[in-house]
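Examining the three-dimensional arrangement
The lines below spell out each chain.
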Amino acid sequence: MARGEPLLEVTGLRAYYGSALVVEDAEFSIGTESVAMIGRNGMGKTSLCKATVGMAPPVARGSIRFEGRELVGRPSYKICHAGIGYVPQGRRLFGSLTVDEHLRMISKRMVRRGRWSPDAVYELFPRLADRRRISGTQLSGGEQQMLAIGRALLTNPRLLLMDEPSEGLAPRIVEELIETCRTLVSEGIGLLLVEQNLGMATAVAERILVMVSGRIALETTATELTGDIEAQRRYLGVEPLATPA
Amino acid sequence: MLTRRGPALLSWLLLAFAIVWVAIKAFGQGFGISGNGPQFVITALNGVSLAALYFITASGFTLIFGLMRVVNMAHGSLYLLGGYVALDLVNHGMGWWGAMVLAALITGAVGLLVHQALLRWNQGQDLRQALITIAVATILADQMIVHFGATPSSLTPPAELANSIGLGLYHLEYPVFRLFIIGAALVVALVLWLVIRFTRFGMIVRAGVDDRAMTSSLGINVPLVFGGAFFIGAALAGLGGVMGGTILSLAPGQDDQFLLSSLVVVIVGGLGSLRGAAVGALLLGLIEQLSAVYLPQQFTNDSILLTFILLVVVLAVRPQGLFGRRT
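Calculation criteria
Residues numbered from 1 in each chain as written. Chains lettered and ligands numbered in written order. Predicted model: local features only at pLDDT ≥ 70, side-chain atom pairs only at ≥ 80, totals over all residues. Heavy atoms only, no water. Pairing = 2+ DSSP bridges. Helix = DSSP H or I, 4+ residues; strand = E, 2+ residues; numbered from the N terminus. Axes fitted to C-alpha atoms, helices over the stretch in contact; angles between N-to-C directions. Contact = heavy atoms within 4.5 Å. Buried < 20%, exposed > 50% of the residue type's maximum accessible area, 1.4 Å probe, protein only. Polar contact = N/O pair within 3.5 Å; in protein donor to acceptor, adjacent residues only side chain to side chain. Core = buried A, V, L, I, M, F, W, Y, C linked by side-chain atoms within 4.5 Å. Buried area = accessible area lost by both parts, 1.4 Å probe. Salt bridge = Lys/Arg side-chain N within 4 Å of Asp/Glu carboxyl O. pLDDT = per-residue confidence, 0-100. Disulfide = S-S within 2.5 Å.

1. What about the sheet that holds strand 7 (residues 159-163) of chain A?
All names here are of chain A. The mixed open sheet is built from 6 strands, whose spatial order is 6-7-8-3-9-10. Each end of this open sheet is capped by a strand with a single partner; those strands are strand 6 (84-87) and strand 10 (215-221). Averaged over all neighbouring strand pairs, the angle between strand axes comes to 20 degrees, with direction disregarded.

2. Re unusual backbone geometry
The peptide bond linking A:Ala56 to A:Pro57 adopts the cis configuration, its omega dihedral lying at -5 degrees. By the element assignment, A:Pro57 lies in the loop between helix 1 (45-53) and strand 4 (59-66). Looking along the chain, the bond that leaves A:Pro57 and enters A:Pro58 is cis, with omega of 5 degrees. Tracing the chain through its elements places A:Pro58 in the loop between helix 1 and strand 4. Unlike most non-glycine residues, B:Arg69 shows phi in positive territory, near 60 degrees.

3. Looking at the environment of B:Asn46
Residue and element names in this part refer to chain B. As for its placement among the helices and strands, Asn46 is situated in helix 2 (residues 37-67). Linking Asn46 and Ala86, residues 40 residues apart in sequence, is a C-alpha distance of 23 Å. If sequence neighbours within four positions are ignored, Asn46 has contacts with Tyr174, Arg178 and Gln289.

4. What about the side chain of B:Arg206?
Examined against the element boundaries, B:Arg206 turns out to sit in helix 7 (residues 200-210). Of the residues examined, B:Arg206 reaches a relative accessible area of 6% and is grouped as buried. Polar contacts involving the side chain of B:Arg206 include one to the main-chain carbonyl oxygen of B:Arg197, which spans 3.4 Å. Excluding residues within four positions of it along the chain, B:Arg206 makes contact with A:Ser96, A:Leu97, A:Glu101, B:Ile196 and B:Arg197.

5. What about the nonpolar core?
Judged by nonpolar contacts, the single largest core of 148 residues is most densely connected at A:Phe28 and A:Met105. Top element by residues in this core is helix 2 of chain B. It accounts for 12 residues. With sequence-adjacent residues up to four places away left out, A:Phe28 is seen in contact with A:Leu8, A:Glu9, A:Val10, A:Met37, A:Leu48, A:Leu192, A:Leu209 and A:Ile216.

6. Some words on the pairing of strand 10 of chain A
Residue and element names in this part refer to chain A. Relative to strand 10, strand 9 (residues 207-212) runs antiparallel, the two being bridged by 6 bridges. Bridge pairing in strand 10 links Met211 to Ile216. Counted along the chain from strand 9 to the antiparallel partner strand 10, the turn is 2 residues long, and its residue Ser213 has a positive phi close to 45 degrees.

7. Some thoughts on the interface of chain B and chain A
Each side of the interface is counted separately: chain B has 18 residues, and chain A has 20 residues. Note on chain B versus chain A: buried area summed over both sides is about 1,800 Å², and carbon and sulfur give 60% of it. Among the residues chain B hides against chain A, the three largest losses belong to B:Met203, B:Met214 and B:Leu218. Together they make up 33% of the total. The closest approach of N and O atoms between B:Asp211 and A:Arg92, which form a salt bridge, is 2.8 Å. At the boundary of chain B with chain A, the tally comes to 10 residue pairs in polar contact (both at pLDDT 80 or more). The set of elements that each furnish at least two residues to the side of chain B that touches chain A consists of helix 7 and helix 8 (212-217) of chain B. Examining the composition of the side of chain B that touches chain A, we find that 6 residues originate from one element, helix 7 of chain B, more than from any other.

8. A few points about the confidence of the model for chain B
Reading fine detail from the predicted coordinates is not recommended where pLDDT is low. Residues and elements named next belong to chain B. The predicted model of chain B averages 89 in pLDDT, with 98% of residues at 70 or higher. Taken element by element, the predicted model of chain B shows its lowest mean pLDDT in helix 1 (residues 5-27) (83) and its highest in helix 3 (residues 75-91) (95). Reported confidences for the modelled complex are a pTM of 0.82 and an ipTM of 0.89.

9. Focus on the pairing of strand 4 of chain A
All names here are of chain A. Where strand 1 (residues 8-17) meets strand 4, 7 bridges bridge the pair, whose relative direction is antiparallel. In the strand pairing of strand 4, Arg14 is matched with Arg61. The sheet contact formed by strand 4 and strand 5 (residues 69-70) spans 2 bridges and is antiparallel. Bridge pairing links Arg65 to Glu70 in strand 5. Connecting the antiparallel pair strand 4 and strand 5 is a turn made up of 2 residues, with Glu67 showing a positive phi of about 50 degrees.

10. Quick look at the pattern of salt bridges
Residues and elements named next belong to chain A. If you walk through the whole model with that rule in mind, you get 15 salt bridges over all chains. Note that Glu24 and Arg215 form a salt bridge whose closest N and O atoms lie 3.1 Å from each other. Placement of Glu24 in strand 2 (residues 20-30) and of Arg215 in strand 10 is noted, with a sequence separation of 191 residues between them. On the basis of relative accessibility, which here comes to 28%, the residue Glu24 falls in the partly exposed class. Owing to a relative accessible area of 38%, Arg215 belongs among the partly exposed residues under this scheme. A salt bridge links Arg65 to Glu70, with the shortest nitrogen-to-oxygen separation between them at 3.4 Å. The exposure class assigned to Glu70 is partly exposed, which follows from its relative accessible area of 27%. The network of salt bridges with common partners includes Arg127, Arg131, Glu143, Arg172 and Glu176.

11. A look at the state of the cysteines
All names here are of chain A. This structure, assessed with the given rule, holds 0 disulfides over all chains. Free of any disulfide, Cys49 has its nearest neighbouring cysteine sulfur in Cys181, separated by 14 Å. Residue Cys49 is classed as buried on the basis of its relative accessible area, which comes to 0%.

12. Digging into the sheet that holds strand 1 of chain A
Residue and element names in this part refer to chain A. Spatially, 4 strands are ordered 2-1-4-5 in an open sheet, and the strand pairing comes out antiparallel. Looking at the sheet topology across the chains shown, the edges are occupied by strand 2 and strand 5. Pairing analysis gives 7 bridges linking strand 1 to strand 2, with the strands arranged antiparallel. Within the sheet, the bridge partner assigned to Leu8 lies in strand 2 and is Ile30.

As structure tokens, this is what we get:
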């Protein structure tokens, strides 16, 4: 399904918290495309994200190759330099920094290597431009998410890893977020979207990976999944989408 | 509501009483030259210049302990090391100014070495860091006795700062060097504030303190940046040691004293707050000097206790320190 060369190739990935195995032989590869990964709480999605960007804990074993280069065991900052941008669950903005400082703290070397500069981010999210001097954590939920995305974009990644960006956002804001994701993908960025919100996942990506108990249990498509109410119940454990798109 | 009303009221009354007490003692016989006014001016200036010395030393500590949360119990040793290195350099024929700069840089390098070799593996593990740095402090203290002896010694201020100048008040004269320390403290405060507030380095240090893992995943080599901040903090301790070695003395035990004063300043002022460190240093310096002179005769020996009363009062009223953030 992946178009062209695989951008990210995960093989035999395991992740541990102490002796607890949270990701077990995860295997998948994605190209410069948008892929959504869904699954219930506690299935290992966030652990997989953390393992990919080199955040410990968890401890990762196995192989994650990005553009052919092995990432497992490399420090987090080098993985970012290699070209993976991370939008973490819960945004994780810096309380001591203003909006503008969130963008200006990124190294010039990474800012210069692509199209994303602070000005370009303000153009994408004009609402942030009006709030430059405010502390990042005083923004509204939607604005915080914009800042978390803008901050990751400034590192000019080739792959953007977003962990539950729709969490806690109003439906109208989620719609805006979907638009933003589509725009980014159309500009040629790879997107791995980890979501519990099936509506958002299927709106952004056609290719869907389903994670169950630390494994990629199923690969399917948005069209197929929206039509299969039984599968939605089984893999997400929530009420299915009211109207299959 | 973090400020507690009862203790707060009590501590304001205490402060008011102390000010009135000192004012009566100092100016009770009028403001003329025959009264106690001149003594008060000199004592107050001594307090402020001691506070400046405390601030220079503690500003490094607020960076290392307050901001980066590295429990560095060797800060006092770095202070004393800075002084001794400068003394050694002067004894080998170097001028005071060159010795000051070089001693600060060497102390910074020693601090950086301790950080990179021993501390950065234990980030966030307070007890381990405390034990490791206590070990470093003990080793450094012994080694300094071996190399520099246990007899108190001191540095001579540079010729251009060695004189006294008239204050234009009560025909008093005051050592230029002590005034120079006050100026140096102001410069240190301004530069540190500018660096933390406005440079990318400062932003990264603040971000790294908030969320280290997230900062790293934005492509920033956090241990390297923290190493840089540790260097600056240690160099400031060394700088304090050169100043302190010039107005006070260099001797075993000074290391513990300045670790203690730095702890008091940073805890009173609030962890990580530069303004807090300035106010804390001023309170500590003034209380030490004024209490030595103005306490009733039979209590003079207890003046050291007032330092801890300050600590207790501040912690009772504002547990996060005067300018500390709530955590």
